[in-house]
Amino acid sequence: MNLSKHQFNRAVIFVTLSLLVVVMLFPFVFMALTSFRSYQQYLAGSGFSLDSWSTLFSVLPVVQELLNSTIVTLGAVLIILVVSTMGGFAFAKLGYPGSTAVFLLMVSGMMVPVQSIILPEFVNVSQIGWINQYQGAIVVYAALGAPFATYLMTTYFRGVSTELIEASLIDGASYWQIFTRIMLPLATPALVTVAVLQFIQIWDDLLIGLLFLQTPEVRTITVGLATLQSSRMVNIPALMAGSLVSALPAVVVYLIFQRHLVRGLTMGMGK
Amino acid sequence: MSTTPPRRNHLARSRRLAGIVFTVPVALLVGGFLAIPMVQTVYYSFTTWNGITSTPNGVDNYRQLFADTTFWQVVSNNAILLASIPLAILIPLIVAFLLNEHVIGWRFFRSVYFLPTAISWVVIGMVAIRVFSSGGLLNSTLAMIGLSGIHTDLLSGNSTAIIAVIITFIWSVFGTNTIIFITGMATLDREVYEAARVDGAGAWSTLFYITIPMLMRFIQFAFILTVITAFTALFSLIFIMTQGGPGFSTTTLEFFVFEKGFNTGVFGLAAAIGVVLFVIVFGIWMAQFRVFRNAND
């Protein structure tokens, strides 16, 4: 009797969790189903058609925008990885007078909301002449992502034994060699975590792209999609097709690297 | 200094030098594109600024801002968001508690719940509009379950649009918070649960008297993360769903900066809003550090 009550409870939990799956997956199902209908079929509520996909490709330079997103995202992630591993190594293992203060300043960069710097940032970058240039958005994304990445890398490198470094020094290795041959290979899991977190964040961002990449030639897919929405486009199936296309790359990255994302989340808590 | 042998001294000096060299790239990047703009924002908040020329005007921007009823409406929108956070914590807590029972398929459930983490606010907003609109899915669902008497049009109401934004927001952070709590529960000692069960504690009393108190550190972390997200990361969602409207009913401080700066063109005033936002966010972080320190004592 007791056992069946236990089983009943577990069944209730299973059903509850399954209902939640429906709620959480709903947007994806809605996007996919809607995108394979023409506008008329969408209004009618049935049918299958590829019309909306061809509409999407005619109103939005999808391929170019996906390429732009890729260039901007990968460029920024690469810069973040380079500066955060170098900085993390220095803060964790190569202390110098004032390094703690520099580290704390760096970490406090995590607390700066984008909106609080966006106006001077925009003015400065336009004075350099980098508006509507990939490098403008790349450098801004990199600066926004670097503090958290540096914090994670510093925490990670603190766990590497100092004896290992000293032994290599005695063997005549330079700091650069220690960094590239010992520290970086050891840090691979942390590097993947940082890369995945930043990839998703930058790929999904709207604000920086909206301001720094305004022309269709350099626009990211997220910005392209947002402009369709704000142009009051009524063809909902085409909008959903666009949403699906823009979401897919980040979802794929998520599915492959899910575990690293979870680790990044908990690493943010410190130990 | 002079007491250390010359070789050690040399080693220490080259280590310090290397440390400085390795810090330079990140310091230049963050200094130039984060620290300097922040200082500039503070400076320009005390000026009349159109993006090109600026003239100092003392505290005029702040005086104007604090006298503006729209500003206080915006602040109260932030307060409404804040008031919704307990729900964004409690629902994931309960679900994590259920997931922790490890029923069949719990790993799959966990992955699905976490999925919105990968989706942009733009895409989420796009779908959300279709859910909440007059002819949308919320109404057809209500009709389907026999509640056709209730017809909602949340997005076009002055007082209801923010409810639609909040529901969407809670949906989006649900997975992240659930993962945080699941991770936390995995660190708890299972023997405590067994002991509670032996003592005849029910599921609810286990949740509220054992799990939640033991998870306090994780709950605080999730709370801070959710507040920071609500205050600094909802721009795109609001941009897509409501453009801050109707009126200013869904404009938060972060959206107000954009609105005053890039739409209205009063950069000095927008900078002052940016400073207010920074002070609030900084205060939340500081409060969190204090809470953490006390908890660790």
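Peer 1: Help me understand the overall build of chain A in this model?
Peer 2: Along the backbone of chain A there are 13 helices and 0 strands. Traced from its N-terminal end to its C-terminal end, chain A shows the element sequence α-α-α-α-α-α-α-α-α-α-α-α-α. Relative to the compact-globule value of 18 Å for 271 residues, chain A shows a C-alpha radius of gyration of 24 Å, a clear excess of over 25%. Each of the three principal axes of chain A carries a C-alpha extent, and together these read 75 × 75 × 35 Å.

Peer 1: So what exactly am I meant to see when it comes to the interface of chain B and chain A here?
Peer 2: Tallying the contact residues gives 67 residues for chain B and 70 residues for chain A. Per element, the largest residue contribution to the side of chain B that touches chain A is 19 residues, and it comes from helix H1 (residues 6–44) of chain B. Its residues assigned to classes, the side of chain B that touches chain A comprises 48 nonpolar, 14 polar and 5 charged.

Peer 1: Help me understand the domain arrangement of chain B, please; the structure alone is not making it clear to me.
Peer 2: How big an interface is tends to be stated in terms of the accessible area lost upon association of its parts. Taken domain by domain, chain B comprises domain 1 (6–44) and domain 2 (60–296). Centre-to-centre separation of domain 1 of chain B and domain 2 of chain B, based on C-alpha positions: 36 Å.

Peer 1: Could you clarify how one ought to interpret the packing of helix H4 (residues 62–93) of chain A against helix H10 (residues 188–204) of chain A in this entry?
Peer 2: The axes of two packed helices give the description: the angle between them and the distance between them. All names here are of chain A. Running from N to C, H4 and H10 cross one another at 145°; their axes reach a closest spacing of 9 Å. As for how H4 packs across H10, the hand of that crossing is right-handed. Facing Ser69, Val72, Thr73, Ala76, Val77, Ile80, Leu81, Ser84 and Thr85 of H4, the residues of H10 in contact are Leu191, Val194, Ala195, Gln198, Phe199, Ile202 and Trp203. Taken together, the residues that form the contact of H4 with H10 break down as 11 nonpolar, 5 polar and no charged.

Peer 1: Even after reading the chapter, I still don't get the environment of A:Thr162, so can you show me in this structure?
Peer 2: Positionally, A:Thr162 belongs in helix H8 (residues 162–170). On a C-alpha basis, the gap between A:Thr162 and A:Ala142 in space is 29 Å, while along the polypeptide they are 20 residues apart.

Peer 1: Looking at this model, I keep getting lost on the confidence of the model for chain B. Mind explaining?
Peer 2: Detailed reading of predicted coordinates is not advised where the pLDDT is low. Predicted confidence across chain B gives a mean pLDDT of 87, with 95% of residues reaching 70 or more. Taken element by element, chain B is modelled with least confidence in helix H8 (residues 190–198) of chain B, mean pLDDT 75, and with most confidence in helix H3 (residues 69–99) of chain B, mean pLDDT 94.

Peer 1: Explanation requested: helix H6 (residues 114–128) of chain A in the structure shown.
Peer 2: For the α-helix, the turn length of 3.6 residues means that residues three or four positions removed from each other point alike. Residues and elements named next belong to chain A. Under the 1.5 Å per step criterion, the end-to-end length of H6 is 20 Å for 15 residues, consistent within 8% with the ideal 21 Å. Residue Pro120 marks the point of greatest curvature in H6, where the axis turns by about 35°. By the burial criterion, the buried members of H6 are Val114, Gln115, Ser116, Ile117, Ile118, Leu119, Pro120, Glu121, Phe122 and Val125. Phi turns positive, to about 90°, at Gly129, one or two residues after H6.

Peer 1: Where do I start with the domain arrangement of chain A in this structure?
Peer 2: Residue and element names in this part refer to chain A. In terms of domain boundaries, chain A breaks down into domain 1 (2–51) and domain 2 (60–267). Its C-alpha centre places domain 1 at a distance of 34 Å from the equivalent point of domain 2. With 8 residues of domain 1 in contact, the opposing surface of domain 2 contributes 7 residues. Residue assignment for the side of domain 1 that touches domain 2 shows that the elements contributing at least two residues are helix H1 (2–35) and helix H2 (39–44). Broken down by element, the residue count for the side of domain 1 that touches domain 2 peaks at 4 residues, all from H1.

Rules of the game
Residues numbered from 1 in each chain as written. Chains lettered and ligands numbered in written order. Predicted model: local features only at pLDDT ≥ 70, side-chain atom pairs only at ≥ 80, totals over all residues. Helix = DSSP H or I, 4+ residues; strand = E, 2+ residues; numbered from the N terminus. Rg over C-alpha atoms; globule rule 2.2 N^0.38 Å. Contact = placed C-beta atoms within 7 Å. Nonpolar A, V, L, I, M, F, W, Y, C, P; charged D, E, K, R; others polar. Domains from an automatic or database assignment. Axes fitted to C-alpha atoms, helices over the stretch in contact; angles between N-to-C directions. Left-handed = near helix turned anticlockwise from the far one by under 90°. pLDDT = per-residue confidence, 0-100. Expected span 1.5 Å × (residues − 1). Bend = angle between axes of the 7 residues up to and from the residue. Buried ≥ 20, exposed ≤ 12 C-beta atoms within 10 Å, placed from the backbone.

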